[in-house]
Amino acid sequence: MAIFKVKQCPVCDGKEFSSFLTCTDYFVSGEEFQIKRCKSCGFKITENIEDEENIGPYYQSENYISHSNTTKGFVNAIYHQVRKFMLGRKRLLVENVAALRKGHILDVGAGTGFFLNEMNEYGWQVTGIEKSEDARRFAKLEFNLDILPAYELSKLKGKSYDVISLWHVLEHIHQLNVNLDIFFSLLKDDGKLVIAVPNHDSYDAKHYKEFWAAYDVPRHIWHFAPSQMKLLGEKHNFKLINLHTMPFDSFYVSMLSEKYKKSALAFFKGIFYGKISWLVSLVNKAKCSSVIYVFEKN
Ligand SMILES: [Zn+2]
């Protein structure tokens, strides 16, 4: 047991914080965690979580669908259908932002390798980094992909990648600033950094408050909104060039949040509020449940 202490805001270096919310870990432990808010930039941080070496047990759940392939349960079944569709959408987005049909992509937090397999099948050279040994083993067995453990990241050759992607990963990384510097050094001068993270400024986040499933404490250490992502990029010499929405996240996160609230008719209420969130994001991308940020080097 060792607590990961954050005394300074990793976005703006501010040192003053206020209390924001108390959230429950609905997924694994049932424990409560506080989220604090940076008084200068509004960035939100989960407090008193375990450090990198000790947080592992909070990821051990049969429900942890991003690392498994079960189709049990209705929400899971939908998730898997959506994933199939989203893989194609992610590939097209990467190809569009990179203006390449084939290139070299580094996916950080590659999980079980579904996305890299998709890229590989379309002719991309792929490199993946993943902390979980089980996930790496799955990627090898299922897709014959050799995904590297996390400590290999800093050993990769500099200026080698056309795209570095992190799909719902940055919010889990303890050493946020260190990793962003590494991504800068690994990216080619004209490369693109693609980061998808939940958005605490979204309609569904504001509606569900402490029940919002994408707070996902203590696994989500950092809670981003577009203004803070822009600042964080600038701190690391990146320029934010575009935002994209992830419409399915509005529905998925709303359904899961209703489940956490133990609502009657959780599925239908989730669809209802997910639809509002999605409609709001059509008008303003910065209000989507999850946002994909595209950065280039300054
Ligand atoms: Zn701050």
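Our structure's up above, just so we're on the same page.
What you see is a predicted model, and the numbers here were worked out from it, not measured in a lab.

Conventions used here
Residues numbered from 1 in each chain as written. Predicted model: local features only at pLDDT ≥ 70, side-chain atom pairs only at ≥ 80, totals over all residues. Helix = DSSP H or I, 4+ residues; strand = E, 2+ residues; numbered from the N terminus. Rg over C-alpha atoms; globule rule 2.2 N^0.38 Å. Buried ≥ 20, exposed ≤ 12 C-beta atoms within 10 Å, placed from the backbone. Contact = placed C-beta atoms within 7 Å. Pairing = 2+ DSSP bridges.

*Asks:* Honestly, the overall build of the protein chain in this entry has me stumped. Any pointers?
*Replies:* Assigned secondary structure in the protein chain consists of eight helices and twelve strands. Taken over the C-alpha trace, the protein chain has a radius of gyration of 18 Å; the compact-globule value for 298 residues is 19 Å, and the two agree within 12%.

*Asks:* Whenever I open this one, helix α4 (residues 176-186) confuses me. Can you help?
*Replies:* It helps to recall that an α-helix has 3.6 residues per turn; residues three or four apart then point in one direction. For α4, the complete set of buried residues consists of Leu180, Phe183, Phe184 and Leu186. Elements that come into contact with the buried residues of α4 comprise β6 (104-108), β8 (161-167), β9 (187-198), β11 (238-245) and β12 (290-297).

*Asks:* Sorry if this is basic, but what is going on with the pairing of strand β3 (residues 32-38) here?
*Replies:* It is a general feature of regular strands that their side chains alternate between the two faces of the sheet. With seven bridges connecting them, strand β2 (residues 17-24) and β3 associate as antiparallel partners. Within the sheet, the bridge partner assigned to Ser19 lies in β3 and is Lys36. Sheet topology note: the β3/strand β4 (residues 44-46) ladder contains three bridges and is antiparallel. Its bridge partner being in β4, Arg37 is matched across the sheet by Lys44. Counting the residues that bridge the hairpin from β3 to β4 gives five residues, and of these Gly42 lies at a positive phi of roughly 85°.

*Asks:* Whenever I open this one, the sheet that holds β2 confuses me. Can you help?
*Replies:* Within a sheet, adjacent strands bond to each other through the backbone by hydrogen bonds, running parallel or antiparallel. Spatially, the four strands line up as an open sheet ordered β2-β3-β4-β10, and their pairing is antiparallel. The open sheet has two edge strands with one neighbour each: β2 and β10 (222-223).

*Asks:* So what exactly am I meant to see when it comes to unusual backbone geometry here?
*Replies:* The general pattern is negative phi for most residues beyond glycine and trans for most peptide bonds. Here Val217 and Pro218 are connected by a cis peptide whose omega angle stands at -5°. The residue Pro218 is located in the loop between α5 (203-208) and β10 in this model. The backbone of Asn48 shows a phi angle near 55°, a positive value even though the residue is not glycine. Here Asn48 shows up in the loop between β4 and β5 (49-50). Residues other than glycine seldom take positive phi values, yet Asn144 does so here, at roughly 55°. Within the secondary structure, Asn144 sits in the loop between α3 (133-143) and β8.

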